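Topology and contacts: notes
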Amino acid sequence: MYRTTEQNSPPAAPGRTKYLLIAGFSASLLVSVFIAGIGLSSINAMLSRMNSIVKTNNVKTSLLHTMHSAARERVLLLHRMLDMKDPFDRDALFLDFNHQAAVFADARIQIQKMQLSPDEITILAEQGKLTNIAVPTQLEIADLIQRNKLAPARDLLLDNAEPLQDKVLQRLEDLEVLQKSAVLNSTQQAQNELDSLLIKIIASLVIGVFAGGLIAVIVGKRITRTEKELQLEKRLAQITLHSIGDAVITTSVNGAVEYVNPVAAAMTGHSFADVKGRPLAEVWNISMEDHAGDSVTQVLNEIASGKISNSTKTVNLQGPNAKNYAIEYTAAPIRDETGQLHGGIVIFRDVSEVRLLASQLSYQASHDALTGLVNRREFEVRLQSALDSSRIEHKTHVLCYLDLDQFKIVNDTCGHAAGDELLIQVSTTLKEVLRHSDTLARLGGDEFGAILEGCSLEKARSLAEKMRDAVNSLRFSWANKQFDVGVSIGVVPVSSDSGNLADLFSAADSACYEAKDTGRNRVHIFDPEDINIQRRQGEMHLVHRINQALEQQQFVLYAQPIEALTSSSDHASYEILVRMNGDDNNLILPNAFIPAAERYNLMPLIDTYVVQHVVQSIQELAAAGQRLHYSINVSGQSLCDENFSDFLLQELASNKVDPTLITIEITETATVANFSKATKFIAALKQLGCMVALDDFGSGLSSFTYLKNIPVDLIKIDGSFVRDIIDDATDRAFVKSINQIAAIMGIKTIAEYVETQAIAEELIRIGVNYLQGYYIGRPRPLSEVTAPLLAKNPLRLVK
């Protein structure tokens, strides 16, 4: 029997093994608990940070949206104010306009109080500077609208306010991009931190799996709950992106789509499930005007380079069902806290309606609302371009200036609706005659302009005659009435020697009026050597000077004394005469500028100026306890102008002055030519207490025939009869006859041009009531006449 010898190891002490197990379990348990505690603490800190970031982002996003909406609403309110006719509605819009400014400012103040990154501070400061520039411009536009200056308000809005406002909105959008990038970065960072914690916690659980089973279960439950909370926070961030009004697409580093919000899905026609993982170019199909190359590739390259990319031109997005959108976009990189690139975000919005509105406003700013033709502003731009091309490229063009001959008859007979319809028909007729390359514009009222580009003067003459024939062939019918229509056309060559726009328009206007003066319904070619044209241009210069004098109060009133031979009045009488300050401060006499004023219908404005200053003088004298009697000349144009008549009667009836201190002088010629209106006007004046004088009596062929039917108080005998009364028996007999007939009718007489003592003595023997002329007194400034009276030193007429 074999005997085997065993070599047994010493048995381990049961207590040692137990303690080792307990120690190992305890150690593993402590390590697991320690690691789990650290992990849980980190998760709580991360959740707290995420809650703070999301909350802060939501507040900032809300405030930025408020600022964005308020800024955009202010511009829209300006547009609505421009279109609003009712002043009360316009005031209501203006209040809303100011309210939006307050909303904008309050939101910005709240953002400034929040914790901001250096980039946010920089962008917010830039936005503030832009807003400080934009706000005064908007207020100026609002003020122009309130003062009903719509054209300059619209120009300022389009040219200045909207571009400035776009820059302000762009800065706000840059802030939004930073906010959205911050949310995505925070979410990505939280996910990375969670993954790291999970690995550590799982490792600790593996080490203490046997000893820390219960702890592992507890920690596992905590982790599950934490994941749900993180998913909830992530969901909240996604809801934020879903709820905004802009379209949002995020991509990976490689340009693959990772997320689209509902607005982006609707505009691109792709759902999130369809686009996830697809290249951005397949989802976001854009094209840029006047741009070659792959637009999406350009955007991705800029994202990869770390730049924020903004659309600077019109960008078109192809949407579903062949629908296209005009969009504005901003693209930015998404980075983590280390600066590593994780992808990109593209934010875009539909601006189709805004672009359409801008296009409509641009059209309205350059076209006439009634005829659809180019308006004067756009016409001047194109004429300047033609003038430049004639100087640089030596091209030949022609300017035509058209003025309808019978428009006033149609307008006065049938009303403005008929006048508008006539203008529309004439516009259509003229467009059919002109070439496609020519420009036809309505310059205002019944005036049209045409630029014949690349056209010789002979060809222009032929086209002008065709336009004249076409308009002349037009038979305009309205309310069972038919009217013949004609047009006078001035033709001016546009060359390198044409001067500036003002010179061209002046030449064309002179040629057009020459066509009118020589019979109307004619074509007249401008010739700078033409004496009539030179006279016309001289008148145009005077017209400009007259308008300037009216605006700048450069008319000067003179007063010439009228000596009463039979009156017992206690105050002196003067005829008011008017002078105009010239460019060299020399006085221009009436016979130099009155003909031009009459030709261009400026006399009602001059007469209004005189009346206003005479009324002011009477009021000043009355305040000093003094009185003077003034005679005011009223022209034939003013006599027929209802606005002037209403103004004068209202001034006299408003108790501003004593009407008995005023005599209105109307020429015999104007009275006879407008007999019906003149008699009504005279009756109204006499009813108020004014005296009325018939000026230049005897100059007409039917003086005595009309005299008995005109209820005047005074007759001013024409100076041509008075001047030679000593040497011409016929003139002396004529003066006697006028004086005798006037006396029989109870009308007093005034003799003008009393220049010598002999003339004065003869007129006294005849029995004339009043004398006026250089012998009685020369005209002198009204201020010199009234100064002694205003100083309470009464000036009495020496007889």
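Quick caveat: nothing in here was measured; it's all calculated off a predicted structure. (Residues numbered from 1 in each chain as written. Predicted model: local features only at pLDDT ≥ 70, side-chain atom pairs only at ≥ 80, totals over all residues. Heavy atoms only, no water.)

Description of the overall build of the protein chain
When you go through the protein chain residue by residue, the secondary structure sums to 27 helices and 24 strands. A burial count over the protein chain gives 46% of its 799 residues as buried. Sequence separation of at least 24 residues holds for 67% of the intrachain contacts in the protein chain that already meet a minimum separation of 6. For the protein chain, the accessible surface area stands at approximately 40200 Å², while carbon and sulfur atoms represent 53% of it. (Helix = DSSP H or I, 4+ residues; strand = E, 2+ residues; numbered from the N terminus. Buried < 20%, exposed > 50% of the residue type's maximum accessible area, 1.4 Å probe, protein only. Contact = heavy atoms within 4.5 Å. Areas by Shrake-Rupley, 256 points an atom, 1.4 Å probe, with all protein chains shown as cover.)

So, the pattern of salt bridges
All chains considered together, the criterion is met by 29 salt bridges. Asp 517 is the salt-bridge partner of Arg 599, the closest N and O atoms lying 3.0 Å from each other. Within this pair, whereas Arg 599 is found in helix 17 (residues 590-599), its partner Asp 517 is found in helix 15 (residues 501-517), the two being separated by 82 residues in sequence. A relative accessible area of 40% means that Asp 517 is categorised as partly exposed. It is possible to trace a salt-bridge network through shared partners that takes in Asp 403, Asp 405, Lys 516 and Arg 520. (Salt bridge = Lys/Arg side-chain N within 4 Å of Asp/Glu carboxyl O.)

Some remarks on the packing of helix 12 (residues 407-414) against helix 13 (residues 416-433)
Any two packed helices are characterised by how steeply their axes cross, that is the angle between the axes, and by the distance between the axes. Across the interface, helix 12 lies against helix 13 with an axial gap of 6 Å and an inter-helix angle of 145 degrees. Counted together, Phe 407, Val 410, Asn 411 and Cys 414 of helix 12 and His 416, Ala 418, Gly 419, Leu 422 and Leu 423 of helix 13 form the full contact between these two elements. Here the residues of the contact of helix 12 with helix 13 are counted per class, giving six nonpolar, three polar and no charged. (Axes fitted to C-alpha atoms, helices over the stretch in contact; angles between N-to-C directions. Nonpolar A, V, L, I, M, F, W, Y, C, P; charged D, E, K, R; others polar.)

Regarding the sheet that holds strand 9 (residues 439-444)
Sheet architecture is open: five strands sit in the order 9-10-8-13-14, paired in mixed fashion. Only two strands of the sheet have a single partner each, and these edge strands are strand 9 and strand 14 (523-525). Here the strands of the sheet are splayed against their neighbours by 20 degrees on average, with no regard to which way each runs. Here strand 8 (residues 397-404) runs beside strand 10 (residues 447-452); their pairing, made up of six bridges, is antiparallel. Looking across to strand 10, one finds that Leu 402 is bridged to Phe 448. Where helix 15 meets the sheet, it contacts strand 8, strand 9, strand 13 (487-494) and strand 14, and its direction lies at approximately 145 degrees from that of strand 13. (Pairing = 2+ DSSP bridges.)

Notes on the packing of helix 18 (residues 603-623) against helix 27 (residues 782-790)
It is the contact of helix 18 with helix 27, at a shortest axis distance of 10 Å, that shows an interaxial angle of 15 degrees. The angle between helix 18 and helix 27 places the two elements in the roughly parallel class. With respect to the hand of their crossing, helix 18 and helix 27 are arranged in left-handed fashion. Along its contact with helix 18, which presents Ser 617, Glu 620 and Leu 621, the element helix 27 presents Leu 782, Thr 786, Leu 789 and Leu 790. For the contact of helix 18 with helix 27, the class distribution of residues is four nonpolar, two polar and one charged. (Parallel < 35°, antiparallel > 145°, perpendicular 65-115°, else oblique. Left-handed = near helix turned anticlockwise from the far one by under 90°.)

Re a nonpolar patch on the surface
Taken together, the side chains of Ile 741, Ile 744 and Met 745 define a hydrophobic patch exposed on the protein surface, amounting to about 290 Å² of accessible area. Within the fold, Met 745 resides in the loop between helix 25 (729-744) and strand 22 (748-751). Looking at Met 745, the relative accessible area reads 36%, which means it is partly exposed. (Patch = residues over 30% accessible without salt bridge, like charges linked within 9 Å, V, L, I, M, F, W, Y side chains within 5 Å.)

Concerning helix 14 (residues 457-472)
Between its first and last C-alpha, helix 14 extends 22 Å over 16 residues, near the 22 Å set by a 1.5 Å rise per residue. Within helix 14, burial applies to Ala 460, Leu 463, Ala 464, Met 467, Arg 468, Ala 470 and Val 471. In an axial view of helix 14, the angular spread of the buried residues amounts to 165 degrees, which keeps them on one side of the axis. Taken together, the buried residues of helix 14 touch strand 8, helix 13, strand 10, strand 13 and strand 14. (Expected span 1.5 Å × (residues − 1). Arc of directions from axis to C-beta.)

Brief notes about the confidence of the model for the protein chain
Overall, the prediction assigns the protein chain a mean pLDDT of 83, with 85% of residues at 70 or greater. Ignoring residues within four places in sequence, the model shows residues 1-18, a span with pLDDT below 50, making one contact including any to other chains. With pLDDT under 50 throughout, residues 793-799 is counted as low confidence; its partners more than four residues away or in other chains account for 16 contacts. (pLDDT = per-residue confidence, 0-100.)

Details of helix 25
For helix 25, with 16 residues, the first-to-last C-alpha span of 22 Å sits near the 22 Å given by 1.5 Å per residue. Backbone nitrogen of Thr 730 and a side-chain oxygen of the N-cap are separated by 2.9 Å at the start of helix 25; the cap is Asp 728. Within two residues after helix 25, Gly 746 carries a phi angle of roughly 75 degrees, on the positive side. (Polar contact = N/O pair within 3.5 Å; in protein donor to acceptor, adjacent residues only side chain to side chain.)

Describing the pairing of strand 9
By the criterion of burial, strand 9 is predominantly enclosed, with five of the six residues buried. One ladder, built from five bridges, connects strand 9 with strand 10; its direction is antiparallel. Within strand 10, the position partnered with Arg 442 by the bridge is Phe 448. As consecutive antiparallel partners, strand 9 and strand 10 are separated by two residues, and within that stretch Gly 445 has a phi angle of approximately 60 degrees, a positive value.

Examining the nonpolar core
Counting residues in each nonpolar core, the largest one holds 77 residues, and the members touching the most others are Ile 546, Phe 555, Phe 593, Tyr 630 and Leu 763. For this core, the leading source of residues is helix 18, giving nine residues. Ignoring sequence-local partners within four residues, the contact set of Phe 555 consists of Ile 546, Ala 549, Leu 550, Val 578, Arg 579, Met 580, Phe 593, Ile 606 and Tyr 609. (Core = buried A, V, L, I, M, F, W, Y, C linked by side-chain atoms within 4.5 Å.)

Re unusual backbone geometry
Backbone geometry places Arg 520, a non-glycine residue, at a positive phi of 65 degrees. Looking at the secondary structure, you find Arg 520 in the loop between helix 15 and strand 14.

Overview of the pairing of strand 5 (residues 315-318)
On any regular strand, side chains alternate: one points to one face of the sheet, the next to the other face. Of the two faces of strand 5, the one lined by Val 315 and Leu 317 is fully buried and the one lined by Asn 316 and Gln 318 carries no buried residue. The sheet contact formed by strand 3 (residues 286-288) and strand 5 spans three bridges and is antiparallel. From the neighbouring strand, Met 288 faces strand 5, where its bridge partner is Val 315. Summarising the sheet, strand 5 and strand 6 (residues 324-335) pair through four bridges and their orientation is antiparallel. Bridge pairing in strand 6 links Gln 318 to Asn 324.

What about the environment of Gln 298?
If you trace the backbone, Gln 298 turns up in helix 9 (residues 295-304). A relative accessible area of 28% places Gln 298 in the partly exposed class.

Some details on the side chain of Glu 575
With respect to the secondary-structure elements, Glu 575 resides in strand 16 (residues 573-581). Polar side-chain contacts of Glu 575 include one of 2.8 Å to the side chain of Asn 633. Polar contacts involving the side chain of Glu 575 include one to the side chain of Gln 772, which spans 2.4 Å. Setting aside chain neighbours within four positions, we find Glu 575 in contact with Tyr 558, Ala 559, Gln 560, Ile 562, Ser 631, Asn 633, Glu 665, Lys 716 and Gln 772.

Regarding the side chain of Thr 251
One can find Thr 251 in strand 1 (residues 247-251). Those residues in contact with Thr 251 that lie beyond four places of it in its chain are Ala 256, Val 257, Glu 258, Leu 280, His 342, Gly 343 and Gly 344.

Considerations on the packing of aromatic side chains
Summed over the entire model, instances satisfying the criterion amount to eleven aromatic pairs. Each ring, one from Phe 379 and one from Phe 505, has its centre 6.3 Å from the other, and the planes form 55 degrees; the classification is tilted. Of the two residues, Phe 379 sits in helix 11 (residues 376-392) while Phe 505 sits in helix 15, which places them 126 residues apart along the sequence. On the basis of relative accessibility, which here comes to 10%, the residue Phe 505 falls in the buried class. Judged by centre distance (6.3 Å) and plane angle (50 degrees), the ring pair of Phe 644 and Phe 647 falls under tilted. With a gap of three residues between them, Phe 644 and Phe 647 both fall in helix 20 (residues 642-653), about one helical turn apart. By relative accessible area, which is 3% here, Phe 644 ends up buried. (Phe/Tyr/Trp six-rings, centres within 6.5 Å; stacked < 30°, edge-to-face > 60°.)

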